Amino acid sequence: DDAMVNRLPGADDDAVIDVAGISVTHSSGTHTVNSLATSNPFTLSGGALSIVTTLQVNNTFMLAGGTLSGGSVNFASGQTLSIGNIGGNRTLTGVTINGDLTLSALAASVKIEGGTKFANAHLSGANSSLSFAPGQTLTGNILFEGANTGDRSVVMNGTPGTLTIGPTGSIKTVAGFGGTGAIGGSAGEMTLVNQGLISAEANNSTLWVKPAALAN
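K.L.:
Where do I start with the overall build of the protein in this structure?
P.N.:
Looking only at helices and strands, the protein has zero helices and 24 strands in total. A globule of 216 residues ought to have a C-alpha radius of gyration of about 17 Å, and the protein, at 18 Å, matches this closely. Reported as C-alpha extents along the three principal axes, the dimensions of the protein are approximately 60 × 30 × 30 Å. Split into buried and exposed, the 216 residues of the protein put 45% on the buried side. By sequence separation, contacts in the protein at least 24 residues apart represent 40% of the contacts at least 6 residues apart. Placing the 7 positive and 12 negative side-chain charges of the protein at their respective mean positions leaves the two points 12 Å apart.

Written out as structure tokens, the structure reads:
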């Protein structure tokens, strides 16, 4: 409405981005909205964006830096949450992602905290990684994929602690994978509790499982 023209949306507002020919970048500051629907390319490159209820992604969405927290993320057909690789930290905290993470860039990485859940995480970029805060439970699938060499890693976020692979969770290499997969081994000692699946399904590649402790 007219009252919103001269202010940013806040925690009680439902924001919509649908303007032809533009892209949007959130680069600094801390902002909260009740919901956000974006039909334009959107990059979160810094600061913090908190969603109370839902984030509807109808175009490309890149987490290049900063923190995305809270709420549920829903996607139009063919869209995913892309993870960047340039400078700074990228964090997902307390987010329910009703779709996939894509880590296709060289050294793409993101920190998973606050009970964040996702359907699938596709680690196809060389030296890409997911790092977990202590006490997290994996309910989706982490897929080490891509024909290129280089590592794909699941590690702690620098703080020693426990990562649990829940009954519906899995970490696996997929057919055609040409790199090396690793679970644990750096960035804080990992205690791995496996209630789900760890599987090497690619020929001529290696999956290292090397936490400090393992309960299987």
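Read on for the rest.
K.L.:
How do you make sense of the pairing of strand E3 (residues 30–38) when you look at a structure like this?
P.N.:
Put simply, side chains in a regular strand alternate between the two faces of the sheet. Here strand E1 (residues 14–17) pairs with E3 via four bridges, running parallel. Directly across from Ala-15, in E3, lies its bridge partner Leu-36. Direction of pairing for E3 relative to strand E5 (residues 48–57): parallel, over a ladder of eight bridges. In the sheet register, Val-33 faces E5, and the bridge partner there is Ile-51.

K.L.:
Even after reading the chapter, I still don't get the nonpolar core, so can you show me in this structure?
P.N.:
As a rule of thumb, nonpolar side chains are buried together in soluble globular proteins. Core analysis: the largest hydrophobic core is formed by 45 residues, its most contacted members being Leu-68 and Ile-142. Ranked by residues supplied to this core, first place goes to E5 with four residues. In this view, Leu-68 contacts Leu-44, Leu-49, Ile-51, Leu-55, Phe-61, Val-73, Leu-81, Thr-91, Leu-92, Thr-93 and Val-95; residues no more than four positions away in its chain are not counted.

K.L.:
Help me out: how do you make sense of the packing of aromatic side chains in this one?
P.N.:
The geometry of an aromatic ring pair comes down to the distance between the two centres and the angle between the two planes. Enumeration over the complete set of coordinates arrives at two aromatic pairs. Here the aromatic rings of Phe-42 and Phe-61 are separated by 4.9 Å at their centres, their planes lie at 10°, and the arrangement is stacked. Of this pair, Phe-42 sits in strand E4 (residues 42–44) while Phe-61 sits in strand E6 (residues 61–63), placing them 19 residues apart in sequence. Classification of Phe-61 as buried rests on a relative accessible area of 1%. Note on Phe-144 and Phe-177: the rings are 6.4 Å apart at their centroids and 35° apart in plane angle, and the pair reads as tilted. Of this pair, Phe-144 sits in strand E16 (residues 141–144) while Phe-177 sits in the loop between strand E19 (170–173) and strand E20 (180–183), placing them 33 residues apart in sequence. A residue is classified by how much of its surface remains accessible, and Phe-144, at 0% relative accessible area, is buried.

K.L.:
Looking at this structure, how should I read the side chain of His-122?
P.N.:
Position of His-122 relative to the elements: it lies in strand E13 (residues 117–123). Overall, the relative accessible area of 19% leaves His-122 in the buried class. Within the structure, His-122 has its side chain in polar contact with the side chain of Glu-145 (distance 3.0 Å). Ignoring anything within four residues of it in the chain, the contact list for His-122 reads Asp-100, Leu-101, Thr-102, Leu-103, Leu-143 and Glu-145.

K.L.:
Would you mind going over the sheet that holds strand E21 (residues 190–194) with me for this structure?
P.N.:
Pairing between sheet strands relies on hydrogen bonds along the backbone, with the strands arranged either parallel or antiparallel. Taken in spatial order, the four strands line up as E15-E18-E21-E24 in an open sheet, and their pairing is parallel. Whereas interior strands pair on both sides, the edge strands pair on one side only; in this sheet they are strand E15 (136–138) and strand E24 (213–215). Averaged over all adjacent pairs, the angle separating strand axes in this sheet is 20°, with direction ignored.

The rules behind the values
- Residues numbered from 1 in each chain as written.
- Predicted model: local features only at pLDDT ≥ 70, side-chain atom pairs only at ≥ 80, totals over all residues.
- Heavy atoms only, no water.
- Helix = DSSP H or I, 4+ residues; strand = E, 2+ residues; numbered from the N terminus.
- Rg over C-alpha atoms; globule rule 2.2 N^0.38 Å.
- Buried < 20%, exposed > 50% of the residue type's maximum accessible area, 1.4 Å probe, protein only.
- Contact = heavy atoms within 4.5 Å.
- Lys, Arg positive; Asp, Glu negative; His and termini not counted.
- Charge placed at Lys NZ, Arg CZ, Asp CG, Glu CD.
- Pairing = 2+ DSSP bridges.
- Core = buried A, V, L, I, M, F, W, Y, C linked by side-chain atoms within 4.5 Å.
- Phe/Tyr/Trp six-rings, centres within 6.5 Å; stacked < 30°, edge-to-face > 60°.
- Polar contact = N/O pair within 3.5 Å; in protein donor to acceptor, adjacent residues only side chain to side chain.
- Axes fitted to C-alpha atoms, helices over the stretch in contact; angles between N-to-C directions.

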